[in-house]
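These are the residues of each chain, in order.
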Amino acid sequence: MYLGLDLGTSGVKALLIDARQSIVGSGHAPLDVSRPYPGWSEQNPADWIRACEAAIAELRSTHTKELAAVKGIGLSGHMHGATLLDAGDQVLRPCILWNDTRSHAEAAALDADPRFRKLTGNIVFPGFTAPKLAWVKNNEPDVFAKVAKVLLPKDFLRLWLSGEHISEMSDSAGTSWLDVGKRAWSAELLAATSLDERQMPSLVEGTAKAGALRSELAAKWGMLSGIPIAGGAGDNAASACGMGTVGAGQAFVSLGTSGVLFAANASYLPNPESAVHTFCHALPGTWHQMGVILSATDSLNWLSGIAGKGAGELTTELGNALQAPTGVSFLPYLSGERTPHNDSAIRGAFTGLAHESGRAALTQAVLEGVAFAFRDSLEALAKAGTTLTRVTAIGGGSRSHYWLKAIATALGLPVDIPADGDFGAAFGAARLGLVAATGADPRAVCAAPATDATVEPVAALADAYAQAYQRYRQLYPAIRGATA
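What counts as what
Residues numbered from 1 in each chain as written. Predicted model: local features only at pLDDT ≥ 70, side-chain atom pairs only at ≥ 80, totals over all residues. Heavy atoms only, no water. Disulfide = S-S within 2.5 Å. Buried < 20%, exposed > 50% of the residue type's maximum accessible area, 1.4 Å probe, protein only. 1 Å grid on protein atoms, 1.4 Å probe; cavity = no way out; pocket = protein on both sides within 12 Å on 5 of 7 lines; lining within 4 Å. Points joined across faces, edges and corners; volume = space filled by probe spheres on them. Nonpolar A, V, L, I, M, F, W, Y, C, P; charged D, E, K, R; others polar. Helix = DSSP H or I, 4+ residues; strand = E, 2+ residues; numbered from the N terminus. Pairing = 2+ DSSP bridges.

Moving on, we come to the state of the cysteines. Applying the stated rule across the entire model yields zero disulfides. Cysteine C95 remains unbridged, with the sulfur of C52 as its closest cysteine sulfur at 15 Å. C95 gets classed as buried once you look at its relative accessible area, which sits at 0%. Summary of cysteine pairing: C280 is not part of a disulfide, and the nearest cysteine sulfur, belonging to C241, is at 13 Å.

A few words now on empty space enclosed by the protein. Empty space among the atoms can be located by rolling a probe the size of a water molecule over them. Evaluation of the coordinates by the stated rule reveals two cavities of 30 Å³ or more. Looking at the lining of the largest cavity residue by residue, the classes come out as seven nonpolar, four polar and one charged. What the second largest cavity holds in volume is close to 40 Å³. As for the second largest cavity, its lining consists of P325, V328, S329, F330, A365, E368, G369, F372, A468, R471 and Y472. Listing elements by their share of the lining of the second largest cavity, those giving two or more residues are β20 (329–331), α14 (359–383) and α18 (462–479). With four residues, α14 is the single largest residue contributor to the lining of the second largest cavity. Considered class by class, the residues forming the lining of the second largest cavity number seven nonpolar, two polar and two charged.

Okay, the pairing of strand β1 (residues 2–7) next. Burial runs high along β1: six of the six residues are buried. Here β1 shows two buried faces, one formed by Y2, G4 and D6 and the other by L3, L5 and L7. As paired elements, β1 and strand β5 (residues 72–77) share six bridges and run parallel to each other. Counterpart to L3 in the pairing with β5 is I73. Sheet topology places β1 next to strand β2 (residues 11–17); six bridges connect them, and they run antiparallel. Bridged to D6 within β2 is K13. Hairpin connection, β1 to β2: the antiparallel pair is bridged by three residues.

Next comes the structure, spelled out in structure tokens:
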């Protein structure tokens, strides 16, 4: 058996798979987010440990024998979080999370230093780890003076599980301290935030052994002591391992609260000007790029709340056949936008409204607007040298075939729908645990799931969608500065 532990923002998931990668069982425990001030988002790392204990306890209640047979553990977690420890490994303050924006001024200052984009291949976003430490230095100097180690969230769990300060490449690439091309900490970038490599965890690849389960925890859970713990991955890279998106040209589109267009790469292909994330992948010698939309299904849920109808009801009103754009356009910038604009102040808009624009026209415009936002990410990836021939759809929004038809037609690419199964971050983490424990070929282990169906672009609407996309592209510069 192999155990995957995924530390999400809203909960911890523990997933067991067997040697054939069949899912045996899972446990889950919820987490809350603290928002003491506008723009702040924090969690207490002690809550992660409690949630992990609860998730494993739930799993153990029904799968005691299977837990006793675990031979490898993999970790996944939300990225960018700043977990600050003193010399005795005591937590100094609540972890500042990925969606915390308090360090926007510090991020802008670091991004103005050309070394950051040159070495990391990315814009320094407020959500990244380095600007958070700059904020702590500026606003909580007593805390900053005590910082002996900075750990990412999943790696704090590793410290508890194994007693080791270790991280891996995919998660560390989101700190703004990693030389992403060289897959190593940058002394230059650390010094720019008054830190050095002694305050960082050691680095391994996501498939490598990175600590072993402590005997006290093994005895408590009825597991073997010394079970190898894989380096693991940040949540998106772990999901990609679960989806089999590990080879050059492979890609998935994630229709969740936010949206991600994720592409695996065999080489380092940065393009920070387009606000594409370029990170190390969890597999050695592999990188990945991501275009990020901040409001994907969130946009439809927003309209659903206003219309007083469920999201499924709204999309059902459109029927099964993809319709030509009506002339009503929607910009899905309800909380700003990441790719390609890197604009936290921009806000959404409907344009082209007329007397005849009913609820269905608004729903259609929302689905098209999100599809065109994915097209923006596709264009940004193309500028970075990545060409895609198809994508796999995941996430709650992928249950709408109308939406998948809109995305396929907007991208001009076939969209594959995987067969039923759980291919998320916990599954990817378990796969990495299997590789670390057995030495198996990671590409063979991280295979893609079977395809249940493929949604092809609607050729008859290609021109209409192309015209609507050009109209969409003209709207951002037209409203920039008017909606902030």
